[in-house]
Amino acid sequence: MASVMMEPKFGSVVENFKNENEGYKCGYCKSKSSNYSHGMWAHQLTVHDYQDLIDRGWRRSGYYCYKPTMHKICCPMYTIKCQAIDFKITKSQKKVIKRVNRFIDLGERVKSKLTGDDSNTCVFQEASSEGNPDWMAAQQTSHVASVNKEKFAQLKSSLQELKGDYSGASRETDTEVITESSDCLKQEVKLQDIVEENPATGTRSLKPGNGPDKDKPPCKKAKLLRLERRKQKLESKGLPLETSAQKQDINPKKLEDFLYQKMPPNPAHRLQLKLVRADELASVDQTWMWNLFVKYQKKIHKERDDECDRETFQHFLVDTPLKAWRPADGSGPPQGYGSFHQQYWLDEKLVAVGVIDILPRCVSSVYFYYDPDFSDLTLGTYGSLREVAFVRTLHSNAPELKWYYMGFYIHSCPKMRYKAGLSPSMLLCPETYTWHPIEECLPLLDKKKYSRLEPNPSVVDGNAFDNINELVVFYDLRPMYYSRYRELRGGSNDLEDEEVLHYAQLVGRTCAKRVLLLR
């Protein structure tokens, strides 16, 4: 009777897939058969069990859970998490938030179109551009820069040559004429008028008076000038000088100070975030979400219609094995734990959706998609900052919930390295399942795609599983130990034992004793 597990703590049921040796197409390097992973179908999972699984490198896509075969896969995927409570916002992240805030408050947007090395930027209002002098001026300036980019490129190239050796230059270069054009300036410059030759060395240099004025102090950056003015002001008042570190410690701005700034009385737009439980989506019309998903997948990921159909959307983002849970004592997040869709509504229009899992120790980002028409607002980065702030909010009611999981970090894929910008972040060692600051891991990953991140060679997996008899399975409509299952099956099967033991090693001792393996 001791082998029959009837306790209510067994709330997870999974089905193991023996597909680890099958190579699939890699979505990052596009290799056709070098993507290896171990998979299982989660019929249902408790939030505690899934938390333990992602802390061993697992990840879910709908009901399907997978763990990359790290030593074999072409693009190793390291689980990455950010300490949201100690989050340090960067200058570029502040700019993203300010850009969105300007759009919401004033209706301003900035769009950049890059053509080669040329960048044409225009600022425009959300209102009609017709009759807007600022918008028209910006358009005209952009047009002039575009028309004259060849001439500017020639000028840049010619001036660059002044830095080198001109002993081998042809005489035609001496009389070459370069024209720089704009609305108010047309000027001809002959290189022979500004360059002199040294007969002794055969080299050329700028003639006196054409280079920087040595009698004047060198140019300084605006930031240095501001610091000097501040220093003079403090000295004139007899106040002690403060270092930049001391200044930052006086009143450092937090993430929330940028996200939740006071809005003007009549903002141009209104942004509202709505959190919807995943299981509630089954009873509502999902067409507007699916349409946004299709638009994003086609524009951003260049997918075909059959790759982002309604069924794919349902299985990938709506379906979830996580059982919604609220602690009986009323503690934890107000909305409880489980899978959610965080919707971004702009003036009653859905512009972005973040699919997340709220777990006991973290918020795990599943996927984020947005309206490509608002790509200039960098909504992907903005969404991740919003989710970091969401973790910080939940932490007040759930002290153990303080991490933001961003999925996988793929060092060999440049497009994925942006995740390292959320600081402080840590990577999971694929051998010991210990966490390490990403700054200590990057030098290792620069040398090898796959690396053991734990520096101490004596450290081993502290949650390793070795006793197959303690594993729990679900057989004949009831839970039991694997030893009892073998008795009912008439003895052991070496192939099955090997498969089950390998599964238990991947999920770890805790989950092997708690998650029911379907037989």
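Residues numbered from 1 in each chain as written. Predicted model: local features only at pLDDT ≥ 70, side-chain atom pairs only at ≥ 80, totals over all residues. Heavy atoms only, no water.

Stated precisely, the cut-off is as follows: UniProt positions are given in the numbering used here, feature names are shortened, and annotations may be inferred rather than shown by experiment.
An unreviewed UniProt entry lists the protein chain under the name Arginyl-tRNA--protein transferase 1, from Frankliniella occidentalis. According to UniProt, the comment filed for the protein chain under the heading Function (unreviewed entry) is "Involved in the post-translational conjugation of arginine to the N-terminal aspartate or glutamate of a protein. This arginylation is required for degradation of the protein via the ubiquitin pathway."

## Examining the overall build of the protein chain
Basically, it comes down to this: Secondary structure is summarised from DSSP: a helix means a run of H or I of at least four residues, a strand means a run of E of at least two, and numbering begins at the N terminus for each. For each residue, the accessible area found with a 1.4 Å probe, counting protein chains only, is set against the maximum for its type, and the residue is called buried under 20%, exposed over 50%, and partly exposed in between. In this description, contact between two residues means that some pair of their heavy atoms is separated by no more than 4.5 Å. Every accessible area reported is derived by Shrake-Rupley at a probe size of 1.4 Å, with residue values counting cover from the shown protein chains alone.
What the protein chain contains, in helices and strands, is 14 helices and 21 strands. By the burial criterion, 42% of the 519 residues in the protein chain qualify as buried. Sequence separation of at least 24 residues holds for 63% of the intrachain contacts in the protein chain that already meet a minimum separation of 6. Of the accessible surface of the protein chain, which amounts to about 29900 Å², a share of 51% is contributed by carbon and sulfur atoms.

## What about a positive patch on the surface?
Heads up, the condition is: Surface patches are drawn from residues lacking salt bridges whose relative accessible area is over 30%; two like charges belong together within 9 Å, two nonpolar side chains (Val, Leu, Ile, Met, Phe, Trp, Tyr) within 5 Å. By definition, a salt bridge exists where a carboxyl oxygen of Asp or Glu is found within 4 Å of a side-chain nitrogen of Lys or Arg. Think of it this way: Lys and Arg go in the positive column, Asp and Glu in the negative one, and His and the chain ends go nowhere. The location of each charge is read from NZ of Lys, CZ of Arg, CG of Asp or CD of Glu.
Taken together, K91, K95, K98, R102, K221, K223, R226, R229 and K253 make up a surface patch of like positive charges. Among the elements of the structure, helix 2 (91-106) and helix 6 (222-236) are those that each provide at least two residues to the positive patch. Among the elements that make up the positive patch, the one with the highest residue count is helix 2 (four residues). When you line up the elements, K91 lands in helix 2.

## Brief notes about the nonpolar core
Filter applied, for reference: In this text, buried Ala, Val, Leu, Ile, Met, Phe, Trp, Tyr and Cys residues form a nonpolar core when linked through side-chain atoms within 4.5 Å.
Within the largest apolar cluster, 99 residues are counted, with the highest numbers of intra-cluster contacts made by L255, I358, Y369, L427, L471 and Y503. It is helix 11 (residues 379-395) that contributes the most residues to this core, eight residues altogether. Other than its neighbours up to four places away in sequence, L255 contacts F87, I89, I97, L385, V388, A389 and R392. Within the second largest apolar cluster, nine residues are counted, among which are C74, M77, F408 and M416.

## Some details on the sheet that holds strand 21 (residues 516-518)
The test is simple: Two strands make a pair as long as DSSP finds a minimum of two bridges between them. Only the stretch in contact is used when a helix axis is fitted, and all axes are lines through C-alpha atoms; the angle between N-to-C directions ranges over 0 to 180 degrees.
Here seven strands make up an open sheet; going across it, the order is 3-4-2-1-21-19-20 and the pairing mixed. Lying at the two open borders of the sheet, with one neighbouring strand each, are strand 3 (59-61) and strand 20 (478-481). On average, adjacent strands in this sheet sit at an angle of 40° to one another, irrespective of strand direction. In the sheet, strand 19 (residues 472-475) pairs with strand 20 via four bridges, with the strands oriented antiparallel. Residue pairing for strand 20: V472 is matched across the bridge by Y481.

## Examining the environment of S365
With respect to the element layout, S365 can be found in strand 15 (residues 362-370). In sequence terms S365 and Y404 are 39 residues apart; their C-alpha atoms lie 7.6 Å from each other. Setting aside chain neighbours within four positions, we find S365 in contact with R59, V355, I356, E387, Y404 and Y405.

## Focus on the side chain of Q93
We apply this condition: Any N or O atom pair separated by 3.5 Å or less is treated as a polar contact, with the protein-specific requirement of one donor-capable and one acceptor-capable atom, and with residues adjacent in sequence counted only for side-chain atom pairs.
By the element assignment, Q93 lies in helix 2. Judged by its relative accessible area of 6%, Q93 falls in the buried class. Polar side-chain contacts of Q93 include one of 3.0 Å to the backbone oxygen of G421. Apart from the residues within four sequence positions on either side, Q93 is in contact with F87, K88, L385, G421 and L422.

## Some thoughts on the packing of helix 2 against helix 11
Condition: Working definition: roughly parallel below 35 degrees, roughly antiparallel above 145 degrees, roughly perpendicular at 65 to 115 degrees, and oblique for all remaining angles. Under the grouping applied here, Gly and all other residues not named as nonpolar or charged are polar, the nonpolar ones being Ala, Val, Leu, Ile, Met, Phe, Trp, Tyr, Cys and Pro and the charged ones Asp, Glu, Lys and Arg.
As a packed pair, helix 2 and helix 11 sit with axes 10 Å apart at the nearest point and diverge in direction by 100°. Between helix 2 and helix 11, the crossing angle belongs to the class labelled roughly perpendicular. Of the residues in helix 11, those in contact with Q93, V96, I97 and V100 of helix 2 are T381, Y382 and L385. Residues belonging to the contact of helix 2 with helix 11 are distributed by class as follows: five nonpolar, two polar and no charged.

## Concerning the pattern of salt bridges
Under the definition given, this model contains 20 salt bridges. Measuring nitrogen to oxygen at the nearest pair gives 2.3 Å for the salt bridge that ties K298 to D305. With a shortest N-O distance of 3.1 Å, R486 and D497 are connected by a salt bridge. Of the two residues, R486 is situated in helix 13 (residues 482-488) and D497 in helix 14 (residues 494-512); the sequence distance between them amounts to eleven residues. Bridged by salt links that share partners, the residues D49, D52, D55, R361 and R514 form one connected network.

## Quick word on the pairing of strand 4 (residues 64-68)
Sheet topology places strand 2 (residues 37-44) next to strand 4; five bridges connect them, and they run antiparallel. Within the sheet, the bridge partner assigned to H38 lies in strand 4 and is K67. One ladder, built from three bridges, connects strand 3 with strand 4; its direction is antiparallel. Considered in strand 4, the bridge of R60 is made with C65. Hairpin connection, strand 3 to strand 4: the antiparallel pair is bridged by two residues, and G62 has positive phi, about 70°.

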